[in-house]
Amino acid sequence: MVKYLGLHETLDVHELLTFKNICLTKSSTMSALAQDEELKTILATDVTAGQTHIAQLQTFITNREAE
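Reading the values: the criteria
- Residues numbered from 1 in each chain as written.
- Predicted model: local features only at pLDDT ≥ 70, side-chain atom pairs only at ≥ 80, totals over all residues.
- Heavy atoms only, no water.
- Axes fitted to C-alpha atoms, helices over the stretch in contact; angles between N-to-C directions.
- Helix = DSSP H or I, 4+ residues; strand = E, 2+ residues; numbered from the N terminus.
- Parallel < 35°, antiparallel > 145°, perpendicular 65-115°, else oblique.
- Left-handed = near helix turned anticlockwise from the far one by under 90°.
- Contact = heavy atoms within 4.5 Å.
- Nonpolar A, V, L, I, M, F, W, Y, C, P; charged D, E, K, R; others polar.

## Quick word on the packing of helix α1 (residues 7–33) against helix α2 (residues 37–63)
Part 1 of the argument: Between α1 and α2, the shortest axis-to-axis distance is 9 Å and the interhelical angle comes to 155 degrees. When the interaxial angle is binned, α1 and α2 end up roughly antiparallel. Judged by the twist between their axes, the crossing of α1 over α2 is left-handed. Contact residues: α1 offers Thr 10, Val 13, His 14, Leu 16, Leu 17, Lys 20, Asn 21, Leu 24, Ser 27, Ser 28, Met 30 and Ser 31, while α2 offers Lys 40, Leu 43, Asp 46, Val 47, Gln 51, His 53, Ile 54, Leu 57, Gln 58, Phe 60 and Ile 61.
Part 2 of the argument: Considering only residue class, the contact of α1 with α2 consists of 11 nonpolar, 9 polar and 3 charged.

Below is the structure:
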């Protein structure tokens, strides 16, 4: 049985996707400006995780199906 996301759920996912995109942009921009190696590593890890999260959220938007 396939269940589709409701309109409010789709909007919530879109809001999360927008937030994660902003976070990804900020982390990637700040990693270029950071001089501390440990901070660069943290920001690089955050960029990788952010890209994964964005891809997962995009599947909810494109498929519009709930698991």
